[in-house]
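The lines below spell out each chain.
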Number of protein chains: 2
Amino acid sequence: MAEDSRVWKDRLYGQFARIGKALGSPRRLEMLDLLSQSPKSVESLARELGSSVANVSQHLQILLEAQLVATRKQGTFVIYRLANETVAQLLELLETVSEECLADVRELRDLYLTQRDALSPVSDRELEALIQEGTVYLIDVRPPSEYAAGHLPGALSIPLPELAERLQEWDPDRPIVAYCRGRYCLYARDAVEVLRDAGFSARRSEVGVREWRRRHSSA
Amino acid sequence: MAEDSRVWKDRLYGQFARIGKALGSPRRLEMLDLLSQSPKSVESLARELGSSVANVSQHLQILLEAQLVATRKQGTFVIYRLANETVAQLLELLETVSEECLADVRELRDLYLTQRDALSPVSDRELEALIQEGTVYLIDVRPPSEYAAGHLPGALSIPLPELAERLQEWDPDRPIVAYCRGRYCLYARDAVEVLRDAGFSARRSEVGVREWRRRHSSA
DNA sequence: CAAGTATTCAAGCGAATACTAGAATATACA
DNA sequence: TGTATATTCTAGTATTCGCTTGAATACTTG
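Residues numbered from 1 in each chain as written. Chains lettered and ligands numbered in written order. Predicted model: local features only at pLDDT ≥ 70, side-chain atom pairs only at ≥ 80, totals over all residues. Heavy atoms only, no water.

### Here we look at the pattern of salt bridges
Residue and element names in this part refer to chain A.
Then, in step 1: Scanning the entire structure with this criterion turns up 48 salt bridges over all chains.
Then, in step 2: Between Glu85 and Arg214 there is a salt bridge, with its nearest N and O atoms 2.7 Å apart. In this pair, Glu85 is assigned in helix H5 (residues 85–101) and Arg214 in helix H11 (residues 209–215), connecting sequence segments 129 residues apart.
Then, in step 3: For Glu85, a relative accessible area of 31% puts it in the partly exposed group.
Then, in step 4: Since its relative accessible area comes to 30%, Arg214 is described here as partly exposed.
Then, in step 5: Through salt bridges that share partners, Glu99, Arg109, Arg183, Arg204 and Glu206 make up one connected network. (Salt bridge = Lys/Arg side-chain N within 4 Å of Asp/Glu carboxyl O. Helix = DSSP H or I, 4+ residues; strand = E, 2+ residues; numbered from the N terminus. Buried < 20%, exposed > 50% of the residue type's maximum accessible area, 1.4 Å probe, protein only.)

Dropping the structure here:
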């Protein structure tokens with residue numbers, strides 16, 4: 001029976017490893033991150049990733065087989081989404097562990113997210129207070145479909161490519177906080193740069209929408 | 001600069017994938033699970049896994065390189081341990097996701113952990129109450145080194161191989177709750193079988209020690 | 001039914017990975 | 001210094017993985 005137990009363990013960990021292997025590819029990890037913002041088609045994932053549609057589709061089959069994603073049809077489009085909330089949490093935790101353990105991750109963040117922003121990002125607590133007070137413009141600079149899938153309360157959807165031509169919509173004396181896809185996205189940083197160049201008082205938040213919602217969910 | 005951004009993303013997700021790849025092997029996942037119970041030598045991991053020392057050592061180098069584990073020397077022994085608590089949480093979450101998503105995992109549990117135990121495991125809430133009341137024997141059937149590294153309050157260390165010859169130590173009228181390494185370990189199930197065959201009123205808990213401690217930590 | 005669009009599948013190629021076997025290294029002790 | 005024990009390293013082999021290319025499939029529309 002000790003031998004049965006060994007065999008059972010091998011099979012069990014073989015199954016666990018299916019999830020691990022699914023997360024063992026940079027492409028698939030980025031796909032999962034993109035899907036955590038909103039459901040997407042194969043083609044739109046391919047554009048975001050700079051990969052071929054065929055390649056993206058093959059990776060999606062792997063994620064599907066591991067049941068980390070699910071699909072629905074919309075005409076000729078297959079819309080992929082994360083299978084459930086726990087998959088999103090797993091992804092976030094993998095990134096947290098990566099940042100804690102790997103100096104290379106911290107260095108990559110330093111490259112673009114630390115050195116050039118003399119003002120540190122707004123903390124989550126500050127953000128909560130600012131949202132409550134309603135004293136800032138809160139802008140979501142992700143693509144509109146991601147805003148539509150879920151956004152912070154009171155946020156305006158100002159996709160980054162449109163930002164420069166919408167500056168006149170705002171009172172230059174009212175501060176702006178920009179956010180995007182979370183800790184590993186450069187959109188908010190780019191937005192703050194554009195805004196400050198235009199004379200606005202702007203800072204960014206590194207909060208993720210899903211993480212914010214989880215923390216502020218009412219059961 | 002959009003090209004810079006793409007390159008930065010590729011490097012970042014390449015780093016995240018280092019963690020994913022480290023978790024993409026059944027052997028390494030089982031090693032991490034074993035280390036979450038207590039620090040261990042290469043040789044003891046090899047015994048538990050039924051693998052060669054050389055093979056285990058190579059996998060440990062991969063985990064070391066991904067900084068998921070750390071080491072200390074003890075004579076000729078190299079003692080490996082989990083790098084930090086977040087690694088343990090990542091592992092638990094990967095197993096949770098595996099069980100939610102993969103029917104094969106649920107089936108493997110059914111094989112040994114569902115069908116033959118007519119009495120379901122003690123829930124965590126029941127266990128808390130039982131520990132408070134002090135009305136049961138709570139026995140930890142893991143190896144002594146794992147008990148020493150951390151155990152539930154009030155638990156006795158009764159390693160499974162010794163159980164059968166220690167039955168006379170207990171009042172047959174007092175119920176027993178056995179626990180081991182958590183949801184994916186068969187020791188408590190085996191212990192309960194031995195105890196019931198000897199006429200004891202015995203149930204098992206599927207709680208993991210680390211998970212229990214996290215929930216009951218005083219800051 | 002034909003054409004267009006989106007997606008998936010299959011095959012090939014090169015790179016990466018897991019295990020084994022044996023050698024090399026590190027540490028402790030007499 | 002030599003021996004024993006524990007661990008790591010190296011090389012070879014078999015298998016798996018990731019990407020590309022082109023074909024096949026699925027769906028929609030006219």
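The discussion continues.
### A few points about the domain arrangement of chain A
Residues and elements named next belong to chain A.
Then, in step 1: Partitioning chain A into structural domains gives domain 1 (2–88) and domain 2 (109–215).
Then, in step 2: Spacing between the C-alpha centres of domain 1 and domain 2 amounts to 29 Å.
Then, in step 3: Listed per partner, the contact involves 10 residues of domain 1 and nine residues of domain 2.
Then, in step 4: At the boundary of domain 1 with domain 2, total buried surface from both sides reaches about 760 Å², with 35% on carbon and sulfur atoms.
Then, in step 5: At the surface where domain 1 touches domain 2, the tally comes to four salt bridges.
Then, in step 6: Taking the shortest distance from any N to any O, the salt bridge between Arg181 and Glu48 comes out at 2.9 Å.
Then, in step 7: Put simply, domain 1 and domain 2 have seven residue pairs in polar contact (both at pLDDT 80 or more) between them.
Then, in step 8: Broken down by secondary-structure element, the contributors of at least two residues to the side of domain 1 that touches domain 2 are helix H2 (26–37) and H5.
Then, in step 9: Counting residues per element, the side of domain 1 that touches domain 2 draws most heavily on H2, at four residues.
Then, in step 10: The class makeup of the residues in the side of domain 1 that touches domain 2 is four nonpolar, three polar and three charged. (Domains from an automatic or database assignment. Contact = heavy atoms within 4.5 Å. Buried area = accessible area lost by both parts, 1.4 Å probe. Polar contact = N/O pair within 3.5 Å; in protein donor to acceptor, adjacent residues only side chain to side chain. Nonpolar A, V, L, I, M, F, W, Y, C, P; charged D, E, K, R; others polar.)

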